[in-house]
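# Residue-level structural notes
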Amino acid sequence: TPVESSPSATPPSRAITPPPAVARTLPTDVLALSRSFAERFGSFSNQSNFENLDELRSLMTPTMQTWADRFIVTERAKRTSNAPYYGVTTRAVETNADGFDEARGEGVVRVRTQRSEVTGKEMPRLFAQDLSLTWKKIDGEWKVERGEWK
C-alpha cells in the first residue's frame, strides 16, 4: 500500500518554521542589493573619477543622487595632480535588516564590511566598518535614500 504524506508526518527536524517578522516584510533582493551597493560605494581610488558613484546611480533616490553630485564636486575641487595613489577596497561580510516597513516603503540595512586602504606604496591598512543603508520604495522599486559609515 502507498504511504501517505501529510504535514503531521514531517519529522520535527525538517519542520518548516516561518522566518522572523522583519524577513516577511523585507524584499529578498534588498539584502543582496545592499551587499553589492556597499562594496561598490565603499571601493574607490583617486584615479577612478568617481565611477563607483556613477555606477550606483540607478539604485539611488533623487536625494541620494544629489548628495553624490555634491560630493563629487567637493572632492574634485580638493584634488591635486601630483597626489600619490589612494584607494579603498570594500568587501561586504554580513547584512542585517534593522527594520523594514513595506506599507510605508522604508527600511534600513546594516552592512558589516572589511576595508583595505592604500596610500602610495605603503602597506594596506585593514579595518572593519559598518555601512547603514536607508532604503525607500519609489514607484515600486527599492532605492538607497542614504548611506552612512559608522
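See the structure shown above.
## What about the overall build of the protein?
- Scanning the protein from terminus to terminus reveals four helices and five strands.
- Secondary structure elements of the protein, listed N to C terminal, follow the sequence α-α-β-α-α-β-β-β-β.
- Put simply, the protein has 150 residues, and 29% of those count as buried.
- Taking the intrachain contacts of the protein between residues at least 6 apart in sequence as the baseline, contacts between residues at least 24 apart amount to 53%.
- For the protein, the exposed surface amounts to about 9,900 Å²; the carbon and sulfur share of it is 53%.

## Regarding the nonpolar core
- Ranked by size, the top nonpolar core spans 21 residues in total, and within it F37, F41, L53, M60, L133 and W135 carry the most contacts.
- The set of elements that each furnish at least two residues to this core consists of α2 (28-41), α3 (51-56), α4 (62-78), β2 (86-101), β3 (106-119), β4 (125-138) and β5 (141-149).
- Looking at which element gives the most residues to this core, the answer is α2, with four residues.
- Excluding its chain neighbours within four sequence positions, the residues that come into contact with W135 are V30, L33, S34, F100, G105, E106, G107, V109, W142, K143, V144 and E145.

## So, the packing of aromatic side chains
- On inspection of all chains with the given rule, the structure shows seven aromatic pairs.
- Centre to centre, the rings of F41 and W149 are 6.3 Å apart; their planes meet at 15°, and the pair counts as stacked. Placement of F41 in helix α2 and of W149 in strand β5 is noted, with a sequence separation of 108 residues between them.
- Ring geometry for F100 against W142: centres 5.1 Å apart, planes inclined by 65°, an arrangement best described as edge-to-face. Of this pair, F100 sits in strand β2 while W142 sits in strand β5, and the two are 42 residues apart along the sequence.

## Digging into the side chain of S45
- One can find S45 in strand β1 (residues 44-45).
- Judged by relative accessible area, S45 falls into the buried class, the value being 15%.
- In terms of polar contacts, S45 uses its side chain to reach the backbone amide nitrogen of Q47, at 3.1 Å.

## Comments concerning the environment of G99
- Locating G99 in the fold gives a position in strand β2.
- With eleven residues separating them in the primary sequence, G99 and R110 have C-alpha atoms 9.9 Å apart.

## As for the pattern of salt bridges
- Enumeration over the complete set of coordinates arrives at twelve salt bridges.
- Between D69 and R57 there is a salt bridge whose closest N-O contact spans 2.5 Å. Within this pair, whereas D69 is found in helix α4, its partner R57 is found in the loop between α3 and α4, the two being separated by twelve residues in sequence.
- Taking relative accessible area as the criterion, D69 reaches 39% and is therefore assigned partly exposed.
- A residue is classified by how much of its surface remains accessible, and R57, at 22% relative accessible area, is partly exposed.
- E148 is the partner of K150 in a salt bridge, and the nearest nitrogen-oxygen pair spans 3.9 Å.
- It is possible to trace a salt-bridge network through shared partners that takes in E94, R110, R112 and D130.

Rules behind the numbers
Residues numbered from 1 in each chain as written. Predicted model: local features only at pLDDT ≥ 70, side-chain atom pairs only at ≥ 80, totals over all residues. Heavy atoms only, no water. Helix = DSSP H or I, 4+ residues; strand = E, 2+ residues; numbered from the N terminus. Buried < 20%, exposed > 50% of the residue type's maximum accessible area, 1.4 Å probe, protein only. Contact = heavy atoms within 4.5 Å. Areas by Shrake-Rupley, 256 points an atom, 1.4 Å probe, with all protein chains shown as cover. Core = buried A, V, L, I, M, F, W, Y, C linked by side-chain atoms within 4.5 Å. Phe/Tyr/Trp six-rings, centres within 6.5 Å; stacked < 30°, edge-to-face > 60°. Polar contact = N/O pair within 3.5 Å; in protein donor to acceptor, adjacent residues only side chain to side chain. Salt bridge = Lys/Arg side-chain N within 4 Å of Asp/Glu carboxyl O.

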